[in-house]
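Residue-level listing of the chains:
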Amino acid sequence: MTTATKPVPKERGKKFFNSINYFRGIAIILIVLGHSFDLAHWQISSGLEQFVYSLSLNGTVYFIFISGFLYYQVFYHRFNYKKFLTKKIQYVLAPYVLSSLIPILYAIFFNDGGPTLPDALKDQPLMAIAWYLLTGNVILAYWYIPMAMLLFAISPLVNVVIQSGQLMPCIVGLMPISLIVHRPIENLNAVHSLIYFLPVYLIGIWSSIHYKRVYGYLKDNKKRAFLAVLAIGLGLIQVYVLKHPGNFHKEFFALTVIDVNLLQKIALCFLFLSILEMYEDEEIPSVAKVAETSFAIYFIHPMVLNGAFTLVSKWNWQYEGNFLVWLMVGWATVLVSMAIAYGFKALLRKKSRYLIGW
């Protein structure tokens, strides 16, 4: 694969990739699994458990990579900023606000603002609402939407970079920054998150531009094996050398270790591509269904997990978690979220996109 990115004419048409669609389905499953540890009651202790824990987190990298890949294929060639942003407001921001509103009001008026709301805002409900919407902190995983909206907003700048032929130099320049700044503490800072994930988005775009070379390059089993060994090696370094299982979070300007988990997830992006490319011309209905409902699963699964956790606590269910329980909880959450999504779709039809993004 080359590192140069030539300016790309906008008249080129879009292409549907089964492999990317399947990757989207797998990505949401992995994201849900990464959020299922608490409900599974799996107490992570051994080095192997920490490795699995670290491997399962930061699945947002997959979503960002896929978003970049699809942005170039679907939107770039016929880009209309006003139309693009309007649809993102309708089908991303609107579901986010509607899904967040009741939890936000509950946190402010019945839970003294919740544990993370700054004390200065606890007597200012309107400012508290704005803070929750800007941080996405009221619901697990919703921090992603404020960051994603910033990413959509800078699309014209991304287009300029694509047209300039300097996409790879930008990636090379930005990646060290991401490795140093890590994710923000509790994912509260959307700008910080944007800086962290932006190189991954650009890597997705670069891979989409050069998809023939990328897919061709990754067909070699030796390269697949290298990516797998690289991902495992980075995970072992994270757990046994850096002794930092899970995601890397810190203040923006604090200096600590390199975020090897980000490098691991990028390696896994290409490993997934290389494996799923073998099924490019095959229909896998089950994975396709998960992919189709992936954004709805994203919006719904935190509610499912929170509801289940509340019931388990209320009924005082005692059970010891392990790898198998974790897998069962994760898969059950995916299936229940899908069922709820289909229920909303049957009830609201096209209008469901304003509520659950699908």
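Per-chain numbering applies: the sequence of each chain, read as written, is numbered from 1 onward. Residue-level local features of this predicted model are given only where pLDDT is at least 70; pairs of side-chain atoms are given and counted only at 80 or more, and the full residue set underlies all totals for whole chains, interfaces and linings. Working from all heavy atoms in the structure, the side-chain values ignore hydrogens and water.

Some remarks on the confidence of the model for the protein
- For the protein, the average pLDDT comes to 93, and 96% of its residues sit at 70 or higher.
- Residue-level confidence of the predictor is summarised by pLDDT, bounded by 0 at the bottom and 100 at the top. Contacts are assigned to residue pairs that have any heavy atoms within 4.5 Å of one another. Residue range residues 1-11 is modelled with pLDDT below 50. Its contacts to residues more than four positions away, or to other chains, number 35 contacts.

Some remarks on helix H9 (residues 167-181)
- For H9, with 15 residues, the first-to-last C-alpha span of 21 Å sits near the 21 Å given by 1.5 Å per residue.
- Restricting attention to buried positions, one finds in H9 the residues Leu 167, Met 168, Ile 171, Met 175, Ser 178, Leu 179 and Val 181.
- Secondary structure elements follow DSSP: runs of H or I no shorter than four residues count as helices, runs of E no shorter than two count as strands, and numbering proceeds from the N terminus. In this fold, the buried residues of H9 make contact with helix H8 (155-164), helix H10 (190-209) and helix H13 (260-276).
- Just downstream of H9, His 182 is the residue with a positive phi angle, here 60 degrees. Residue count minus one, scaled by 1.5 Å, sets the expected span of a helix. Whether a residue is buried, partly exposed or exposed follows from its accessible area with a 1.4 Å probe, protein chains only, as a fraction of its type maximum: under 20%, in between, or over 50%, in that order.

Quick look at the UniProt feature "domain: Acyltransferase" (unreviewed entry) in the protein
- UniProt positions are given in the numbering used here, feature names are shortened, and annotations may be inferred rather than shown by experiment. When the UniProt feature table is mapped onto this chain, "domain: Acyltransferase" (unreviewed entry) is found at residues 18-341.
- A distance of 22 Å separates the end C-alpha atoms of residues 18-341, which is 73% helix and 0% strand.

Here's the deal with the packing of aromatic side chains
- Pairing of aromatic side chains requires ring centres within 6.5 Å, counting the rings of Phe and Tyr and the six-membered ring of Trp. Pairs whose planes differ by under 30 degrees are stacked, by over 60 edge-to-face, and all others tilted. Under the defined criterion, the tally for this structure stands at 39 aromatic pairs.
- With centroids separated by 5.3 Å and ring planes inclined at 45 degrees, the aromatic side chains of Trp 315 and Trp 317 adopt a geometry described as tilted.
- Accessibility expressed as a relative area gives 48% for Trp 315, which makes it partly exposed.
- Members of the aromatic cluster, each reached through a chain of ring pairs, are Tyr 96, Tyr 142, Trp 143, Tyr 144, Tyr 196, Phe 197, Phe 295, Tyr 298 and Phe 299.
- Here, over-ring charges are defined by two tests on the NZ atom of lysine or the CZ atom of arginine: distance to the ring centre within 6 Å, and angle to the ring normal within 35 degrees. One residue, Lys 345, lies across the ring of Trp 358, its end atom 5.0 Å from the ring centre.

Quick notes on the pattern of salt bridges
- The salt bridge definition used is simple: a Lys or Arg side-chain nitrogen within 4 Å of an Asp or Glu carboxyl oxygen. Under the definition given, this model contains four salt bridges.
- For Lys 219, the salt bridge is made with Glu 277, and the minimal N-O distance between the two is 3.9 Å. With Lys 219 in the loop between helix H11 (211-218) and helix H12 (221-241) and Glu 277 in the loop between H13 and helix H14 (285-292), this pair connects stretches of sequence that are 58 residues apart.
- For Lys 219, a relative accessible area of 49% puts it in the partly exposed group.
- For Glu 277, a relative accessible area of 17% corresponds to the buried category.

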